[in-house]
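Architecture and fold: a report
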Amino acid sequence: MGGEEVTITGTTDGRYSEILTPEAIAFVVALDREFGARRVQILERRRRRRTTRTSELDFLPSTSAVREDSSWQVAPAAPDLTDRRVEITGPPERKMTINALNSGAKVWMADFEDATSPTWENVVLGQANLRDALDGKLDYTAPDGREYKVGADLPTIMVRPRGWHLPEAHLRVGGRPVSASLFDFGLYLFHCAQRQLDRGSGPYFYLPKLESHLEARLWNDVFVFAQEQLGIPRGTIRATVLIETITAAFEMDEILYELREHSAGLNAGRWDYLFSMIKNRPDVVLPERSQVTMTAPFMRAYTELLVRTCHRRGAHAIGGMAAVVPSRDPVAAKRALNQVRQDKRREVGDGFDGSWVAHPGLVATCREVFDQWLGAEPHQIVRKRDDVRVTATDLLDVKTLGVQVTEVALRNNSSVALRYIAAWLGGRGAVALGGLMEDAATAEICRAQLWQWIHAGTPTDYGVPVSAALVTRMLREELDVLSETGALDEDSARRFGQARTLLTVLLTERTCPEFLTLPAYLRHMSGGSGTPATTEQATVAA
Ligand SMILES: CC(=O)SCCNC(=O)CCNC(=O)[C@H](O)C(C)(C)COP(=O)(O)OP(=O)(O)OC[C@H]1O[C@@H](n2cnc3c(N)ncnc32)[C@H](O)[C@@H]1OP(=O)(O)O
Ligand SMILES: O=CC(=O)O
Ligand SMILES: [Mg+2]
């Protein structure tokens, strides 16, 4: 086992060599050797669990003792994770890293997940940017000559590695790709843990797309092992888990418990949560995404439970992303700011201790709202929200929403899914489309809704049910418009073609495919690890 050949199939020269040192690679490989098999078991367990009817989900009887025991708490927050009222997120692309660090937010989450297209360049040079930032060496000159430099006060940095489902195909052990989660986590920890400690901070993480407390246990074991290997005191690593799958919503206490010595609370990852609800509820058809707001009963139940659970355990509850981005048009910009203000007011009123923004232009609005409510207090964990009572039925109460699929909604979902996948294939993991921030989570919603409407034959407002043929026609029309207006050069035309093919496969499978990013990665980014015919095969290949 230990002697299996380690191969790197991506570029290793120049800046890449600063990150892909023999010692750093050995560390990632050690993590993968220690935990790779457990990751595979986790993925297998996810597959088995998908056969359970989601409408019958409940809190786990086997862990009731953890939920009922009111005596345990998570570790006290690290000093620079105590006040988290505004957190900005974004990919660790060089210019955006500088802009995020200068944004005035308390925390920057450097995102290798929803906001990053995992090209080899993005995942390795993203690590180089993080390291440069800590070394005070991060600067950038834009093609138009604008100069970028990081200011004096850095926000606290948290890093979101990719989820357990994704492989990193450019690093292989015995021919098998390593876990992308361990790759991103391992490289950051190896290069930046000591640098962060030296500046009085620490290695902090956001953990995405967990589906159960056993996945949190795996992360905790990874942390313990990694700290030992690097000679860092146990408990130095801190991690906020995103509650963004329906199964994890039933295990919030258990997730905090597993990670309690490393926990930095929970975050309401609302977009993936909605995606999870759509993909796991073939029995219920949801209306277009703009109508499923945070005040929908099942979304409200989930955020209320999240705040209550966190505060009961002494942990921070962090709010989600209002996906609007400010526009250059003053009227639209004002509307976007108002939407964000309303959203953040609801969150702070409900007890959240901080929240996310996707754009530097939204930092001030979020801060104002939290400043008004919190004043000089760094958080509101003292508000225990004992008034909240959330049952399994509340979490699953999706049926109260009426269904109305308009042609506009159908075209919008088709367009966003197509354009997002094409951008992702071109190396951009987040884009602004029609005034909204679109990333992997929001694009997953669009394509999962299309799948759901096709498979349910949902009626439209113009008389015909949604069908694969109808969506295929819309995708073709969308492409025709792009070509006729001269919007596509040769490269982007190729990517749009690939995006359309992939989307068509995703929409016509019998069960709703788990992720779009996995087959997209294996088909187009993994550098020759094969082209799975179906997304189910892609999941197995990972
Ligand atoms: C569901 C979830 O998981 S949410 C979390 C994951 N998603 C994200 O993090 C998305 C983050 N946001 C973004 O990537 C961007 O805001 C986008 C792609 C949506 C829009 O970016 P742009 O098209 O560049 O927007 P815009 O032109 O308004 O940007 C203005 C400036 O702000 C910068 N900027 C915009 N968003 C960010 C950000 N999140 N972090 C740092 N800088 C940013 C741009 O780089 C640009 O800089 P410049 O003026 O120096 O050139
Ligand atoms: O990661 C955040 C989400 O909303 O999804
Ligand atoms: Mg997410």
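The written sequence of each chain sets the order in which its residues are numbered from 1. The naming scheme follows written order: chains are lettered A onward, ligands numbered 1 onward. Residue-level local features of this predicted model are given only where pLDDT is at least 70; pairs of side-chain atoms are given and counted only at 80 or more, and the full residue set underlies all totals for whole chains, interfaces and linings. Processing note: side-chain calculations cover all non-hydrogen atoms of the structure and skip hydrogens and water entirely.

A separate point is the packing of helix H15 (residues 407-425) against helix H17 (residues 468-484). Contact pair H15 / H17: the axes reach a minimum separation of 10 Å and the direction vectors enclose 65°. Considering only the axes of H15 and H17, their crossing is right-handed. Side by side, H15 and H17 meet where Glu407, Leu410, Arg411, Ser414, Ser415, Leu418 and Arg419 of the first sit next to Leu470, Val471, Arg473, Met474, Leu475, Glu477, Glu478, Leu479 and Leu482 of the second. The classification used treats Ala, Val, Leu, Ile, Met, Phe, Trp, Tyr, Cys and Pro as nonpolar, Asp, Glu, Lys and Arg as charged, and all other residues, Gly among them, as polar. Its residues assigned to classes, the contact of H15 with H17 shows eight nonpolar, two polar and six charged. The axes used here are C-alpha line fits, helices contributing only the stretch in contact, and every angle between their N-to-C directions lies in the interval 0 to 180 degrees. Helix and strand assignments come from DSSP, with helices taken as H or I runs of at least 4 residues and strands as E runs of at least 2, each series counted from the N terminus. In this scheme, a crossing is called left-handed if the near helix is turned counterclockwise away from the far one by less than a right angle; it is called right-handed if the turn is clockwise. Whether two residues are in contact is decided by their heavy atoms, any of which lying within 4.5 Å being enough.

Once their charged atoms are close, side chains differing in charge can pair, the charge on each being opposite to the other. Think of a salt bridge as a Lys or Arg side-chain nitrogen and an Asp or Glu carboxyl oxygen that are within 4 Å of each other. Across all of its chains, the model carries 46 salt bridges by this definition. Between Asp144 and Arg146 there is a salt bridge; the shortest N-O distance is 3.0 Å. Note that Glu438 is salt-bridged to Arg289, the shortest N-O span being 2.7 Å. Here Glu438 is found in strand E15 (residues 436-438), whereas its partner Arg289 is found in the loop between helix H10 (270-280) and helix H11 (297-312), with 149 residues between them in sequence. Judged on exposure class, the residue Glu438 and its partner Arg289 are both buried. Accessible area is worked out with a 1.4 Å probe on protein chains only. A residue is then buried under 20% of its type maximum, exposed over 50%, and partly exposed in between.

Let us now look at helix H16 (residues 440-456). Relative to the 24 Å expected for 17 residues at 1.5 Å per residue, H16 spans 24 Å between its end C-alpha atoms, a close match to the ideal helical length. For H16, the tally of buried residues reaches 15 of 17 residues, placing the bulk of the element in the interior. Of the residues flanking the start of H16, the one acting as N-cap is Asp439, its side-chain oxygen 3.1 Å from the backbone nitrogen of Ala441. Take the number of residues in a helix, subtract one, and multiply by 1.5 Å to get its expected span. In protein, a polar contact means a hydrogen-donor-capable atom and an acceptor-capable atom, both N or O and within 3.5 Å, with residues adjacent in sequence counting only if both atoms are side-chain atoms; elsewhere, any N or O pair within 3.5 Å suffices.

For the rest of this paragraph, the subject is the coordination of the magnesium ion (ligand 3). Within the protein, the atoms that donate to the magnesium ion (ligand 3) are Asp114 (OD), Glu244 (OE) and Asp272 (OD), at distances of 2.0 to 2.2 Å. Any N, O or S atom lying within 2.8 Å of the metal counts as a donor, with the limit raised to 3.2 Å for Na, K and Ca; because water is left out of the atom set, some sites can appear incomplete. Mapped onto the polypeptide sequence, the residues donating to the magnesium ion (ligand 3) form the spacing pattern D-x129-E-x27-D. With Asp114 in the loop between strand E3 (107-111) and helix H5 (120-134) and Asp272 in helix H10, this pair connects stretches of sequence that are 158 residues apart. According to the relative accessible area criterion, Asp114 is buried, its value standing at 4%. In this structure Asp272 comes out as buried when scored by relative accessible area, which is 4%.

A separate point is the sheet that holds strand E8 (residues 176-179). A pair of strands is treated as paired once DSSP finds two or more bridges between them. Judged by pairing direction, the sheet is antiparallel, and its three strands sit side by side in the order E1-E7-E8 without closing on themselves. Strands at the two margins of the open sheet, each flanked by one partner only, are strand E1 (6-8) and E8. Recorded for the sheet is a direction-independent mean angle of 55° between the axes of neighbouring strands. Examined bridge by bridge, E1 and strand E7 (residues 167-173) share three bridges and lie antiparallel to one another. Among the inter-strand pairings, Ile8 is bridged to a residue of E7, identified as Leu171. Along the sheet, helix H6 (residues 180-198) contacts E7 and E8; its crossing angle with E8, the most-contacted strand, is approximately 55°.

This next bit is on the sheet that holds E3. The strand order around the closed barrel built from eight strands is E2-E3-E6-E9-E10-E11-E12-E13, with neighbouring strands paired in parallel fashion. Pairs of neighbouring strands in the sheet enclose a mean axial angle of 25°, with direction left out of account. Of the strand pairs in this sheet, strand E10 (residues 238-243) and strand E11 (residues 263-268) are connected by four bridges, and their pairing is parallel. Across the sheet, Ala239 pairs through a bridge with Ser263, a residue of E11. Its contacts with the sheet put helix H13 (residues 363-374) on strand E2 (86-90) and strand E13 (354-357), and the angle it makes with E13 is roughly 165°.

The next point concerns the site of ligand 2. Around ligand 2, a shell composed of Asp114, Arg160, Leu242, Glu244, Gly269, Arg270, Trp271, Asp272, Trp356 and Ala441 is seen. Between ligand 2 and Glu244 there is a distance of 3.0 Å, counted from an oxygen atom to a side-chain nitrogen or oxygen. The protein chains shown are the only cover counted for residues, whose accessible areas, like all others here, come from Shrake-Rupley with a 1.4 Å probe. The fraction of the free accessible surface of ligand 2 (190 Å²) that becomes covered by protein chains is 96%. Here the element with the most residues in the shell around ligand 2 is H10; it accounts for three residues. Counted by class, the shell around ligand 2 contains four nonpolar, one polar and five charged residues. Proximity criterion: a residue is near a molecule or strand once any of its heavy atoms comes within 4 Å of it.

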